[in-house]
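Residue-level structural notes
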Amino acid sequence: MAMKRRTTILVVLGLAAAFLVALWKPTVLIYGVQQAGLYAAIAIPMGLVLGIVHIVNLAHGEFMMVAAYATYFACRATGLDPLLAVLPSAAVTALLGWVVYKLTIRRALKAPELNQLILTFGIGILLSQGVNLLFTSQTRKISLEYVSASMTIGELSFGVWPFVFVIVATAMAVGLKLFLTRTTTGKAALAVGQNPRGAAIVGIDVDRTYGLVFALAMALVGGMGALFLTRSAIFPGVGGPFTMKSFCLVAMAGIGNIPGILGASLLLGLSESFLRAFRELRGWADIIFFVLIIVVILGRSLKGRKS
Amino acid sequence: MKRTFAILVIAMLATGAFAQTGDTIKIGGIWTLADITGKQGSMAAQQAIEEINKAGGVLGRKLELIVVDDEGKADKGAAAVEKLMTVDNVELLMGGMASGVELGKIPTFKKYGKVVVSTGAASYKVEEALGADSSWYFHLHPWDYNQGASYVEGWDAIQKQYPKIKIKKIFLAYEEGAFGKSSWDATKTLFGTGGRYVVDGASFKSAALGGGDYASVLEAAKSFKPDLFLWAGYDADALPMLEQAKAMKFSPSIYLGAPPGWPIGFGTSKLSEKVMLYGMWAPTMNDTNAASKAFYKGFVAKYKEEPATYFAPLSYSAVYIIADAIKLAGTTETAALIKALEATKYASPLGETISFSKSNIIAHQGIRRQKILQWQSGRQEVIWPFEAKTATPVYPFPAWK
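Residues numbered from 1 in each chain as written. Chains lettered and ligands numbered in written order. Predicted model: local features only at pLDDT ≥ 70, side-chain atom pairs only at ≥ 80, totals over all residues.

1. Digging into the overall build of chain A
- For chain A, the helix and strand inventory stands at 12 helices and 2 strands.
- Tracing chain A from N to C terminus, the helices and strands come up as α-α-α-α-α-β-β-α-α-α-α-α-α-α.
- Relative to the compact-globule value of 19 Å for 307 residues, chain A shows a C-alpha radius of gyration of 20 Å, a close match.
- Projecting the C-alpha coordinates of chain A onto the three principal axes gives extents of approximately 60 × 60 × 35 Å.
- Here chain A holds 307 residues, and the buried ones make up 48% of them.
- The contacts of chain A with a sequence gap of at least 6 include a subset with a gap of at least 24, amounting to 75%. (Helix = DSSP H or I, 4+ residues; strand = E, 2+ residues; numbered from the N terminus. Rg over C-alpha atoms; globule rule 2.2 N^0.38 Å. Buried ≥ 20, exposed ≤ 12 C-beta atoms within 10 Å, placed from the backbone. Contact = placed C-beta atoms within 7 Å.)

2. A few points about the pairing of strand β2 (residues 156-159) of chain A
- Direction of pairing for strand β1 (residues 150-153) of chain A relative to β2(A): antiparallel, over a ladder of 4 bridges. Within β2(A), the residue paired with A:S150 across the bridge is A:G159. (Pairing = 2+ DSSP bridges.)

3. Side note on the pairing of strand β10 (residues 276-279) of chain B
- Pairing geometry for strand β9 (residues 254-257) of chain B and β10(B), over 2 bridges, is parallel. From the neighbouring strand, B:L256 faces β10(B), where its bridge partner is B:M276.

4. Remarks on the sheet that holds strand β4 (residues 116-118) of chain B
All names here are of chain B.
- Pairing is parallel in the open sheet, where 5 strands are placed in the order β2-β1-β3-β4-β5. The outermost strands of the open sheet, each flanked by one partner alone, are β2 (63-69) and β5 (137-139). Averaged over all pairs of adjacent strands, the angle between their axes in this sheet comes to 20°, without regard to strand direction.
- Here 7 bridges tie strand β1 (residues 25-31) to β2, and the two strands are oriented parallel to one another. Following the sheet pairing, G29 is matched in β2 by V67. (Axes fitted to C-alpha atoms, helices over the stretch in contact; angles between N-to-C directions.)

5. Notes on the domain arrangement of chain B
Residue and element names in this part refer to chain B.
- Each domain of chain B was delimited in the assignment, giving domain 1 (2-143 + 287-354) and domain 2 (145-283 + 371-388).
- For domain 1 and domain 2, the distance between their C-alpha centroids amounts to 32 Å.
- Contacts between domain 1 and domain 2 engage 20 residues on the former and 13 residues on the latter.
- Mapped by element, the contributors of at least two residues to the side of domain 1 that touches domain 2 are α2 (36-54), α10 (290-303) and α11 (311-329).
- Of the residues contributing to the side of domain 1 that touches domain 2, the split by class is 12 nonpolar, 7 polar and 1 charged. (Domains from an automatic or database assignment. Nonpolar A, V, L, I, M, F, W, Y, C, P; charged D, E, K, R; others polar.)

6. Some points on the environment of A:K187
- Within the element layout of this structure, A:K187 appears in helix α7 (residues 184-194).
- Once the C-alpha coordinates of A:K187 and A:G240 are considered, the two residues, 53 residues apart in sequence, prove to be 32 Å apart.

7. Description of the interface of chain A and chain B
- Counting residues at the interface gives 28 residues for chain A and 32 residues for chain B.
- Grouping the amino acids of the side of chain A that touches chain B by side-chain chemistry returns 8 nonpolar, 14 polar and 6 charged.

8. Points about the sheet that holds strand β13 (residues 371-376) of chain B
Residues and elements named next belong to chain B.
- Taken in spatial order, the 7 strands line up as β7-β6-β8-β9-β10-β13-β14 in an open sheet, and their pairing is mixed. Across the chains shown, the open sheet's two edge strands, defined by having one partner strand only, are β7 (198-204) and β14 (379-384). With direction set aside, neighbouring strand axes in the sheet form an average angle of 25°.
- Looking at chain direction, β13 and β14 are connected through 5 bridges and run antiparallel. The residue bridging Q374 from the neighbouring strand is E381, located in β14.
- Each of β10, β13 and β14 is contacted by helix α6 (residues 144-161), which is oriented at about 80° to β14, the strand it contacts most.

Here it is as structure tokens:
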């Protein structure tokens, strides 16, 4: 009850702050929400893997980069729009994820965490260096008319395309919630995530479930790779910074808390956008990320000690 | 015993004489091979080496390029110099791009004191680290302050030549790293002093470094209402920034980008039309410059791809400058080579005759000017300097529809 009341107070305070910011400088709110959508849409699949397979996938951003490259070349060859490539890209990356899981990840699941980190870090390097060798480091981008779609309110003109990431992130969070609570496979995945040994005793194929979840997460990342191509230029190192940001957002939200990733992303996106509104503070936008994660984790550990 | 010793001495001398005349002249090249500038820079250097060898080599010897990857890291750069000097025994060094890597190499350069023909490193900090006594260092690329001064000169000349082009307010969007910040410092100093121009600027995090959101910097630029909007970032920023500018309906009279390279296919985007840029070379110069055409044709024939940045013709030029100097010196001995390099007059594919003279600190600075170009119908056209001009500027940058 007290927890619910505290959450309500926090939400009301957050909404009031957002309202005040919108009155002061609406673009802070607009760009903050747009950025938050992008962060969340990339971080949610990592949250799924960490919550159920219990592995930190340090090749997360690199999988997205590979999907973006695959989409780029498919679109260049066929004239296809990257939006139409979202599903094929997701399917290809799911398959890649399944193969990577079977060949490598599953063998490291019982290994110390450091070994798992080194393994996925190595996979990430392999993917980025492989792409670098094959296609060089030169950046690539598909120029699309609709990404410049804009809305004008009075004097204010802003792009509306980035809102697609907000929609995608919300759809991912809702979809995963439904999948994990309403489907047999999803419930099995939740059970495996909570207690793999218990799940195995009741007859759930733990290894298969891990593989499926990993492939599903990679499918989501793959779809995001195609979508990411609409917004950004791609190059072999484009995924790396998103791996770190996703990991920190997942850590802020708490392991397995997918809706929490939305909240953490919103907090980060708005904070960055707020700081960027002041020229003198612009350089602090990157640091706020670390400040937030320290505050949240410190707060959580203090709360844990108290309880 | 004496006889055996005499035979041995004669044999050793004979081997030495053979080495002097029969072996190759080894040139060590250091580039960041994962980067397109380094990759194509090394390819263009190899192209020049093969052309020179095909024409008979230098002093009856073939040239040999030994390439080492610095991986874009200062420590690897220093290790590359060490390896080339001690393991490969190269006669002289060339290459380079990032200033940070060059800074790492300088102590090892100084240790060996061999001739270095540098194709990159624009930061004045490199020049400060070299010091005035680095007579063995020949810097081809303009220093950052040379570039800034040439832009002021260029815009002054353009406004004089085309009176409808009027620039008073300049806004610089610069990436948060060293490259962007030094561009901002130079722009403030060069354009801001004297009151002829009003300069403002704001930073952004480049997509190349994990950023890619330009909304706040474009918003600041839009509210400043500049006549010239300039961004100093990387190729990854080029199209997304234009797309965002269009979404925000930000269309200054001049939209200018200054990345080291452009993304593949940038010219095919409708948004690129009338965007201006700074650079040293473009394939359109093949129409007006025979050396450029010869370089370009050779590169495309050999590698089946286009040179994407000016670092390719720059590295190509560096090899020819070295070869000419060795010919003139008649040896690869450092003092003689320095003297010969000082006499360089090389008509380069970059559209200018390269020679070396003193810059702020070092004694041997090559190119001092960048060019002002404009994307027109998918091609980079040179609009200044007028002697290298391939097209007249289209002004103003069209308002977004």
